[in-house]
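These are the residues of each chain, in order.
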Amino acid sequence: MDSDILQDIFPSPRATPLPVNVSDGESEGPTLALQDVNYYVQYRTGRWWQGACFRQQHVKRVLSDVNLAFPAGQVVALVGSSGSGKTSLLDVIAHRTSGTVTGFMTYNGRRCTKDMMQQRMSYVIQADRLLPNLTVRETLTYTAYLKLPGYVMRTRIEDTVDSVINRMGLRAVADSRVGGAVVRGVSGGEKRRVTIAIQLLKDPDILLLDEPTTGLDSFTARHLVTSLQQLAKQGRLVILSIHQPRYDIVKLLDRTALMCQGQVLFYGATTELVPYFTELGYPCPTYANPLDTYIDVVSIDRRNMDSQMETSRRVHELHEAYSGSDLLADNRRKVAEQVNATSPLVEANAAGSRRVKSPGWFRVFSTVTSRMNLNLYRDRKAFVNRCVLLPLFVPFIIIFLGRLRNNQNSIQDRIGLLYQSVQVPPYVGIIHAVGLFPQLRNHFYREGLDGLYTSSTFLLSYTFHILPFVAVSSIIFSSSLYWITGMNSEVDHFAMYVAVAFCLHLSGELLAVGCMGVFQNPQLANSTTALLLTASGLLASGFLRTTQNMIDVLQYMGWMSIHKYSSEILVANEFHKLNLTCEKNPQGLPCMTDGDMFLKKYYPDALDNVNRNFELLAVFTVGILFLAMISFKVVGLKILQ
């Protein structure tokens, strides 16, 4: 779509809001105003294998000419069937869109920017992204350290957490684990309240909630909306999307917006809902829930063509009726008052007037790392698996190889052992990442969208979190395998073996993490990472086929593989100064009296390049971490609902 048409929500200075007669009076209290807001997303049609260049591109209008004035101190409900645009409208308000937005949006006389909304607004997404092994109090405390300014002392943070716990009615479960799919914890309604409590830690002016009552029983849903009403009475603006609310919940809603296909068909006081539609010829039956009735009225029935055409005609008539109604005229007047009251000077200082000094990087880093550690320590199975999964491969390798000898046959045995030494650690790293990282990644997506920290900080914290476990498991694996199989008995050689196993183990996990920054499906990331490591081992190790016999292209590709340098280190480490006997000469091959003859023939530069290879091994390990950071940065934060 033409960029002149799809301007940003913050238009150029030449753009002029709708005129209004400000003498009619100003709105009381702060108001969030949306004027002529449209939201467009691009999509492609056609077969996926045709690629972006050959698939036709279309533009879909998700929101159409939305004009809404949300006054503070009220609970406003966005109501409509699935696909009506409720969540999209919340995303526009929160500045979390993936398309193009046009129009004006102001709050309390200030033009809304992403930075300003992050300071004043909190957004409760539909899914509860919580770490299952932390208690409710720990969950809120860790988040408070990320949200509150760095100068806030521990006692103040604890007081803030206690206040939020009391406000959301979580005192009885404050020291209970949150729980998850496997770990039993608090109930679904209590998890919802924990998610809301997280967003209340910074005392927001605007609270957005996407389907907060989904999956809750009627009592818990009513209790939750009652809590939101109490928050609104304290001067906050509460906007929530909701479907199928009970009538006692409907009575708690101050204002309601009925939506269909991105258009607003009614916006006003909830008490005006029945009179408005009754005047249009759609009375509410006696003893019926008004919202249930009018959600059906403003929805399109797509079960067959006739019903779709009939309901589409009805929705069009309702839109035309609302477009000419006094409700919309009054709403447009209030919106225009707010937009025209926006001062350039106030607009320039909007973010700074409310900005809360963020905690320092080291505090964020240490908080995220500490939280990961505690979450893992509480999970006994995952914790033990972290330490012993790699060493569990040792018995299978020993059963297969036994103890190494010093004859000609042992050359092949050593090659097989070294091949396992460079392949097993990174594969185990993949297993750990696929099993444990997705939960942390989804948790990061929520906090990253809240602006608490960046993907680089998250990945650095994750790396420091796994380093002790990678080190312990690599040492146990190397100690048992190295000495039981009878490899080179010098201590410095053993230390080099441990270092290689550590780097490979860490690199395999970080590579899987990077793939999970690109692919949301952990199994797809698992397959991709395993394929890359398999290709790397085949092309560059020289254990399955000597690299000198490969075509030039494959040899060049081997230089870009971590297995080339790790394999050369281990070969030089094991075969240098190795004495071999010639009792039996397999298949009539020339006898090799020592390991250096083997090195000279198959790995001629390995011994001279040990230091260089270690440097490159470290560079590859750090480089994979940076590639993971780049993958998260390029793909961006996912909005998980």
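Counting of residues starts from 1 at the beginning of each chain's written sequence and follows it residue by residue. Residues qualify for local features only when their pLDDT is at least 70, as the model is predicted, and side-chain atom pairs are given and counted only at 80 or more; totals for whole chains, interfaces and linings, by contrast, use all residues. Note: side-chain values were computed over all heavy atoms of the structure, leaving out hydrogens and water.

## Overview of the packing of aromatic side chains
Then, number 1: Aromatic pairs are defined between Phe, Tyr and Trp rings, using the six-membered ring for Trp, whenever the two ring centres lie within 6.5 Å; interplanar angles under 30 degrees are classed as stacked, those over 60 as edge-to-face, and all others as tilted. In total, this model carries 29 aromatic pairs according to the counting rule given.
Then, number 2: For the ring pair F266 and Y276, a centre distance of 5.3 Å and an interplane angle of 45° mean the geometry is tilted. Residue F266 is found in strand β10 (residues 263–269), and its partner Y276 is found in helix α8 (residues 273–279); the two are separated by 10 residues along the sequence. Comparing F266 with Y276, the two get one shared label, buried.
Then, number 3: Where Y377 meets F383, the ring centres are 5.4 Å apart and the plane angle is 75°; that geometry is what we call edge-to-face.
Then, number 4: Relative accessibility under 20% of the residue-type maximum defines a buried residue, over 50% an exposed one, and the middle range a partly exposed one, all with a 1.4 Å probe and only protein chains included. For F383, a relative accessible area of 28% translates into the label partly exposed.
Then, number 5: Consider the ring centre and the ring normal. A charge sits over the ring if Lys NZ or Arg CZ is within 6 Å of that centre and within 35 degrees of that normal. The positively charged end of K564 is found above the aromatic ring belonging to W559, 4.2 Å away from the centroid. Helix and strand assignments follow DSSP, with helices taken as H or I runs no shorter than four residues and strands as E runs no shorter than two, numbered in order from the N terminus.

## Brief notes about the pattern of salt bridges
Then, number 1: Should a side-chain nitrogen of Lys or Arg be within 4 Å of a carboxyl oxygen of Asp or Glu, the pair is scored as a salt bridge. Applying the stated criterion to the full structure yields 24 salt bridges.
Then, number 2: We note a salt bridge from E138 to R378, for which the minimum N-O separation is 2.7 Å. Of this pair, E138 sits in helix α3 (residues 136–147) while R378 sits in the loop between α14 (361–377) and α15 (380–388), and the two are 240 residues apart along the sequence.
Then, number 3: A salt bridge links R612 to E568, with the nearest nitrogen and oxygen atoms 3.7 Å apart. Of the two residues, R612 sits in helix α24 (residues 610–635) while E568 sits in helix α22 (residues 562–575), which places them 44 residues apart along the sequence.
Then, number 4: For E568, a relative accessible area of 11% gives the class buried.
Then, number 5: Sharing partners across several salt bridges, the network here consists of D330, R333, K334 and E337.

## Considerations on the sheet that holds strand β6 (residues 121–124)
Then, number 1: The rule for pairing is simple: two strands pair if DSSP sees at least two bridges between them. With mixed pairing, the six strands of this open sheet are ordered in space as β6-β7-β8-β3-β9-β10. Edge strands, defined here as strands with exactly one partner in the open sheet, are β6 and β10. Taken over all neighbouring pairs, the strand axes of this sheet differ in orientation by 15° on average, direction set aside.
Then, number 2: In this structure, strand β3 (residues 75–79) lies alongside strand β9 (residues 255–260), joined through four bridges in parallel fashion. Each bridged residue has a counterpart across the sheet, and for V76 the counterpart in β9 is R255.
Then, number 3: Between two residues, a contact is recorded if the distance between any of their heavy atoms is within 4.5 Å. Interaxial angles span 0 to 180 degrees and are taken between N-to-C directions of axes, which are lines fitted to C-alpha atoms, for helices over the stretch in contact. Sheet contacts for helix α1 (residues 86–94): β3, β6, β7 (206–210), β8 (237–242) and β9; angle to β7, the most-contacted strand, approximately 150°.

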